[in-house]
2 protein chains.
Amino acid sequence: MTRKRVAVLGSTGSIGRQALDVIERHPERFEVVGLAAGRNVVLLGEQAARHRQAVVTSAEDGPAGLMRVATQTGADVVLAATDGAVAFEAVFAAVDRGTDVALANKELIVAAGRLLVEHAARSGARLLPVDSEHSAIFQCLQGSTRDQVAAIVLTASGGPFWTRTREEMADATVADALAHPTWSMGVKNTIDSATMMNKGLEVIEAAQLFGIPGERVQVLVHRTSVAHGFVVFTDGNVLGQLAAPDMRLPIGYALAYPDRLADRPFEDALAAIGGERGAPGTTLAFERPDLERFPSLALAYEALRRGGTAPAVVSAANEVAVAAFVAGALRFGEIAPCIETALGRVDTRDLSLEAVRAADRSAREAARAFVDARAARSVRSS
Amino acid sequence: MTRKRVAVLGSTGSIGRQALDVIERHPERFEVVGLAAGRNVVLLGEQAARHRQAVVTSAEDGPAGLMRVATQTGADVVLAATDGAVAFEAVFAAVDRGTDVALANKELIVAAGRLLVEHAARSGARLLPVDSEHSAIFQCLQGSTRDQVAAIVLTASGGPFWTRTREEMADATVADALAHPTWSMGVKNTIDSATMMNKGLEVIEAAQLFGIPGERVQVLVHRTSVAHGFVVFTDGNVLGQLAAPDMRLPIGYALAYPDRLADRPFEDALAAIGGERGAPGTTLAFERPDLERFPSLALAYEALRRGGTAPAVVSAANEVAVAAFVAGALRFGEIAPCIETALGRVDTRDLSLEAVRAADRSAREAARAFVDARAARSVRSS
């Protein structure tokens, strides 16, 4: 078989490292033609030594390096696994050249997902989701057409505060929020899990990637993270995807697409649904979330209704609010009001890469102003 | 859109009636061009009055009538929903002409499934499963290739004796066995559910229809019948299908394939997984069956290992054994030994329609001999 040429943007991050793990287990299938990372030049050097044919770039080389790895390496697929907005232009350039992109850059899909889908439709590039929930939906959609889809469902762990009342959450501490049940992840993602904004952002991503209106992207809380997503078809049939909570599965699916790797014994997957033979078996439980208790999730739906750059505003304001909460400058219960305030203050009507960057800046300013006002009030009241 | 021309073999049976219900709800999509039934000529007459353009045949017209409806009505799809072996030749003739067949005739798929798949591969006809479990697998397989499939999983209700020991089952009564938890069905099917031979026959059907070795067709007991089947892929991903236990869903899927009907609000399907909004939610539980307690299921796997006409032998011997049990001539615990005896006595090596018919006859003779021997022994010992 011809080896797939892969360029990895963000090779030293968690997704980048796991992608290289998958790639290195399948040397017959994949070849690394580009590696781009930020400031972790030691690890990048090790990766470059293992993939001597790859073009390598770090933050020192600036945006031109990222652009070169994304567009000048002859890649069949670019894995977009950088954080934030640093790789937006490089990914758009790859898509415009018709190169498939495996999408792990959440800010990109949230802020510019609809734009990216438009560019991909024009160039013929395929957008391959890497997030486990979106990979689940993408897998369930194979072989069907858009007009057959009635709704999609993303599962959510519910996070550490799933059983708390809104009042109990209002003054939750950072330590409380960092106790996450299933996935191991960074501070920002774990706070997002506590507010359920992680799921809100995924709802935005799904609506934009799959072209489904927000009100038909539903969330079900499923605390054991075995099922990752469902597609409800217009004829009443539902398809769902289940897998071990291991990011290498959706990464491998995206990189090998439309093939599938052949590296997991079926008994392992079966154990996830049916338990070990002779054991009591497995139970999968699903519950609907309460948008009153998780107002951040409601704000994500509101951003989808507004369209334009509203998703970018929600994402950026949330970043500022979470950082302020972690720094002790905002109460947990003030995260959603901070985002809501930003959403009310920023003009979100246009949609272009420039408009996204401008909305991001304005949203951060509005969110910081909200945080500062709260801090000033706290000082006065203490 | 062009209307699909449907010929219904077995129009007065349960599947036939539900199919006509689906068809009549979608007059813009379907047109009935043929109706074939057995002795229920009153209902057949009513159906014919509603579908005046259809060619109509009953048991009085003999095999030629079935053949005519299957092959001389210009049908785009033939629904094979007769019981037993009466329509085998007509269905093979339709397949050989390249006509798609929606398969609800279990004996046909069990006894001649592999042969039918060979004929369909030659003619280009599509075989569309109607059974809910096989429809589930078929839906999960869309967009993937055979070599990506590691295993398939059929769910089972477990039947009325799921929690009983083998000793408790040995002398179970007919009344015990007729208390089935989820689906409402006839006496034969309900006894098959108690022995789990219903699932054994479905394992045989799935292995033959989808070309998967028996040891990779697994069964999970799932007593609430929300999930109907799973496909485990070689990369560790699992797709599953869920739907309300309503046969009109898989019937509609098979008839509309590759389209999907658009007649079910997504909230109904969502309620099946996530419960009503604000309600406590839904739980799906899965357990592996114990082949020691359900030896009929083990015999189905044995039939797949033997191949040839062994599936036909198991199906025919099971019919005789169940009838004998219902008539009081066999103990519940003797059903599996009766089938096993027949499987040991019949030459199962060849596979052709003639060999299937011969194996069916020999299996019934061997099973009846087993029943008679038990009856004679009971008389001696009483």
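Residues numbered from 1 in each chain as written. Chains lettered and ligands numbered in written order. Predicted model: local features only at pLDDT ≥ 70, side-chain atom pairs only at ≥ 80, totals over all residues. Heavy atoms only, no water.

Engineer: It is not clear to me how the domain arrangement of chain A should be interpreted in this structure. Could you clarify?
Structural biologist: Frequently, the measure chosen for interface size is the accessible area removed from exposure when the parts meet. All names here are of chain A. Here chain A is described as being made up of domain 1 (4-130) and domain 2 (290-381). Using only C-alpha atoms to locate each centre, domain 1 and domain 2 end up separated by 29 Å. Together, the buried faces of domain 1 and domain 2 total about 880 Å²; carbon and sulfur atoms form 65% of this surface. Linking domain 1 with domain 2 are one salt bridge. Residue Arg-357 pairs with Glu-89 through a salt bridge whose shortest N-O separation is 2.6 Å. If you look at where domain 1 meets domain 2, you find two residue pairs in polar contact (both at pLDDT 80 or more). Per-element tally for the side of domain 1 that touches domain 2: the top contributor is helix H5 (residues 106-123), with six residues. When the residues that make up the side of domain 1 that touches domain 2 are grouped by side-chain class, the tally is seven nonpolar, no polar and three charged. (Domains from an automatic or database assignment. Buried area = accessible area lost by both parts, 1.4 Å probe. Salt bridge = Lys/Arg side-chain N within 4 Å of Asp/Glu carboxyl O. Polar contact = N/O pair within 3.5 Å; in protein donor to acceptor, adjacent residues only side chain to side chain. Helix = DSSP H or I, 4+ residues; strand = E, 2+ residues; numbered from the N terminus. Nonpolar A, V, L, I, M, F, W, Y, C, P; charged D, E, K, R; others polar.)

Engineer: Help me understand the interface of chain B and chain A, please; the structure alone is not making it clear to me.
Structural biologist: Facing the 54 residues of chain B at the interface are 54 residues of chain A. Of all residues in chain B, B:Arg260, B:Phe266 and B:Arg288 give up the largest surface area on contact with chain A, accounting jointly for 17% of the area buried on that side. Where chain B meets chain A, there are four salt bridges. Across the pair B:Arg288 and A:Glu267 runs a salt bridge whose closest N-O atoms are separated by 3.2 Å. (Contact = heavy atoms within 4.5 Å.)

Engineer: Which parts of the structure should I look at to understand helix H9 (residues 187-195) of chain A?
Structural biologist: One turn of the α-helix equals 3.6 residues, which is why residues spaced by three or four share an orientation. Residues and elements named next belong to chain A. Thr-190, Ile-191, Asp-192, Ser-193, Ala-194 and Thr-195 are the residues of H9 that are buried. Buried residues belonging to H9 abut helix H8 (174-177), helix H10 (197-210), helix H13 (295-306), helix H14 (310-326) and helix H15 (335-345). Count one or two residues on from H9 and you reach Met-196, which has phi positive near 65 degrees. (Buried < 20%, exposed > 50% of the residue type's maximum accessible area, 1.4 Å probe, protein only.)

Engineer: So what exactly am I meant to see when it comes to the pattern of salt bridges here?
Structural biologist: Once their charged atoms are close, side chains differing in charge can pair, the charge on each being opposite to the other. In the structure shown here, the tally under the stated rule is 52 salt bridges over all chains. Put simply, B:Lys188 and B:Asp192 hold a salt bridge, and the shortest N to O gap is 2.5 Å. Taken together, the residues B:Lys188 and B:Asp192, both in helix H9 (residues 187-195) and four residues apart, mark about one turn of the helix. We classify B:Lys188 as partly exposed; its relative accessible area is 30%. B:Asp192 sits in the buried class, given a relative accessible area of 2%. Residues B:Arg374 and B:Glu334 are paired through a salt bridge, measuring 3.2 Å at the closest nitrogen-oxygen approach. Here B:Arg374, found in helix H16 (residues 353-381), pairs with B:Glu334, found in the loop between helix H14 (310-326) and helix H15 (335-345); they are 40 residues apart in sequence, far enough to count as distant. Note on B:Arg374: relative accessible area 23%, which makes it partly exposed. One network of salt bridges, with partners in common, ties together A:Asp21, A:Arg25, A:Asp246, A:Arg248 and A:Arg264.

Engineer: Would you take a moment to explain the side chain of A:His134 for this structure?
Structural biologist: Residues and elements named next belong to chain A. Structurally, His-134 is set in helix H6 (residues 132-141). On the basis of relative accessibility, which here comes to 1%, the residue His-134 falls in the buried class. Setting aside anything within four residues of it in sequence, one finds His-134 in contact with Pro-129, Leu-154, Glu-202, Glu-205, Ala-206 and Phe-210.

Engineer: How do you make sense of the pairing of strand E7 (residues 149-156) of chain A when you look at a structure like this?
Structural biologist: For a regular strand, side chains alternate in direction, first toward one face of the sheet and then toward the other. Residues and elements named next belong to chain A. Most of E7 sits out of view: eight of its eight residues are buried. The pairing of E7 with strand E9 (residues 227-233) spans five bridges and is classified as antiparallel. What sits directly across from Ile-152, in E9, is Val-231. Two strands pair when backbone bridges link them, and E7 and strand E8 (residues 217-221) are joined in this way by five bridges, in the parallel orientation. Counterpart to Thr-155 in the pairing with E8 is Leu-220. (Pairing = 2+ DSSP bridges.)

Engineer: Please clarify how the sheet that holds strand E2 (residues 30-36) of chain B should be interpreted in this entry.
Structural biologist: Strand-to-strand pairing in sheets goes through backbone hydrogen bonds, with the strands running parallel or antiparallel. All names here are of chain B. The strand order E3-E2-E1-E4-E5-E6 describes an open sheet built from six strands, whose pairing is parallel. Since the sheet does not close on itself, it has two edges, and those belong to strand E3 (55-57) and strand E6 (127-129), each with one partner. Within this sheet the neighbouring strands show an average axis-to-axis angle of 25 degrees, counted without direction. As defined by bridge partners, strand E1 (residues 4-9) adjoins E2 across six bridges and the pair is classed as parallel. Each bridged residue has a counterpart across the sheet, and for Leu-9 the counterpart in E2 is Ala-36. Each of E1, E2 and strand E4 (77-80) touches helix H1 (residues 14-25); the most contacted strand, E2, lies at about 160 degrees to it. (Axes fitted to C-alpha atoms, helices over the stretch in contact; angles between N-to-C directions.)

Engineer: Explain the environment of A:His134 to me, please; I cannot follow it from the model alone.
Structural biologist: For the pair A:His134 and A:Phe210, spaced 76 residues apart in sequence, the C-alpha to C-alpha distance is 9.1 Å. Within the local environment of A:His134, its side chain forms a polar contact with the backbone nitrogen of A:Ala206, the two atoms lying 3.5 Å apart.

Engineer: Can you walk me through the pairing of strand E8 (residues 217-221) of chain B in this structure?
Structural biologist: Taking burial as the measure, the five residues of E8(B) include five buried ones, the bulk of the element. Side chains of E8(B) alternate between two faces, with B:Val217, B:Val219 and B:Val221 and B:Gln218 and B:Leu220 buried alike.

Engineer: Explanation requested: the sheet that holds strand E2 (residues 30-36) of chain A in the structure shown.
Structural biologist: Residues and elements named next belong to chain A. The six strands are arranged E3-E2-E1-E4-E5-E6 in an open sheet whose pairing can be described as parallel. Each edge of the open sheet is held by one strand with a lone partner, namely strand E3 (55-57) and strand E6 (127-129). Looking at each pair of strands side by side, their axes are set apart by 25 degrees on average, direction ignored. In the sheet, strand E4 (residues 77-80) pairs with strand E5 (residues 100-103) via four bridges, with the strands oriented parallel. Directly across from Val-78, in E5, lies its bridge partner Val-101. Across the sheet, helix H4 (residues 88-96) is in contact with strand E1 (4-9), E4, E5 and E6; its angle to E5 comes to roughly 140 degrees.

Engineer: Could you clarify how one ought to interpret a nonpolar patch on the surface in this entry?
Structural biologist: All names here are of chain A. A contiguous nonpolar surface patch, about 220 Å² in accessible area, is contributed by Leu-178, Val-187 and Val-326. Within the secondary structure, Val-187 sits in helix H9. Among the residues examined, Val-187 registers a relative accessible area of 42% and is labelled partly exposed. (Patch = residues over 30% accessible without salt bridge, like charges linked within 9 Å, V, L, I, M, F, W, Y side chains within 5 Å. Areas by Shrake-Rupley, 256 points an atom, 1.4 Å probe, with all protein chains shown as cover.)

Engineer: Looking at this structure, how should I read the environment of B:Leu128?
Structural biologist: Residue and element names in this part refer to chain B. Mapped onto the elements, Leu-128 comes out in strand E6. Counting along the chain gives 125 residues from Leu-128 to Tyr-253, while the straight-line C-alpha distance between them is 8.7 Å. Other than its neighbours up to four places away in sequence, Leu-128 contacts Val-77, Asp-100, Val-101, Ala-102, Leu-103, Phe-138, Ala-254 and Tyr-257.

Engineer: Got a minute to help me understand the relation of the copies chain B and chain A in this structure?
Structural biologist: Each of the two copies of the chain can be brought onto the other by a rotation about an axis and a shift along it. Expressed as a screw operation, the relation of chain B to chain A combines 0.0 Å of axial shift with a rotation of 180 degrees, fitting to an RMSD of 0.0 Å. Taken together, the rotation and translation describe the operation of a two-fold axis. Among all residues of chain B, the minimum C-alpha distance to the rotation axis is found for B:Gly143, at 2.1 Å. Of all interface residues in chain B, 100% are interface residues in chain A too; the two copies therefore contact each other through one and the same surface. (Least-squares fit on C-alpha atoms with pLDDT ≥ 70 in both.)

Engineer: Explain the packing of aromatic side chains here, please?
Structural biologist: To describe a pair of aromatic rings, you give the distance between the ring centres and the angle between the ring planes. Residues and elements named next belong to chain A. Applying the stated criterion across every chain yields a total of 14 aromatic pairs over all chains. Centre to centre, the rings of Tyr-253 and Tyr-257 are 5.8 Å apart; their planes meet at 65 degrees, and the pair counts as edge-to-face. Since its relative accessible area comes to 4%, Tyr-253 is described here as buried. A network of ring pairs unites the aromatic residues Phe-138, Tyr-253 and Tyr-257 as a single cluster. (Phe/Tyr/Trp six-rings, centres within 6.5 Å; stacked < 30°, edge-to-face > 60°.)

Engineer: What is the right way to read the environment of B:Val41 from this model?
Structural biologist: All names here are of chain B. Turning to its location among the elements, Val-41 is positioned in helix H2 (residues 41-50). The class of Val-41 is partly exposed, set by a relative accessible area of 41%. Separated by 16 residues in the primary sequence, Val-41 and Thr-57 place their C-alpha atoms 9.3 Å from one another.

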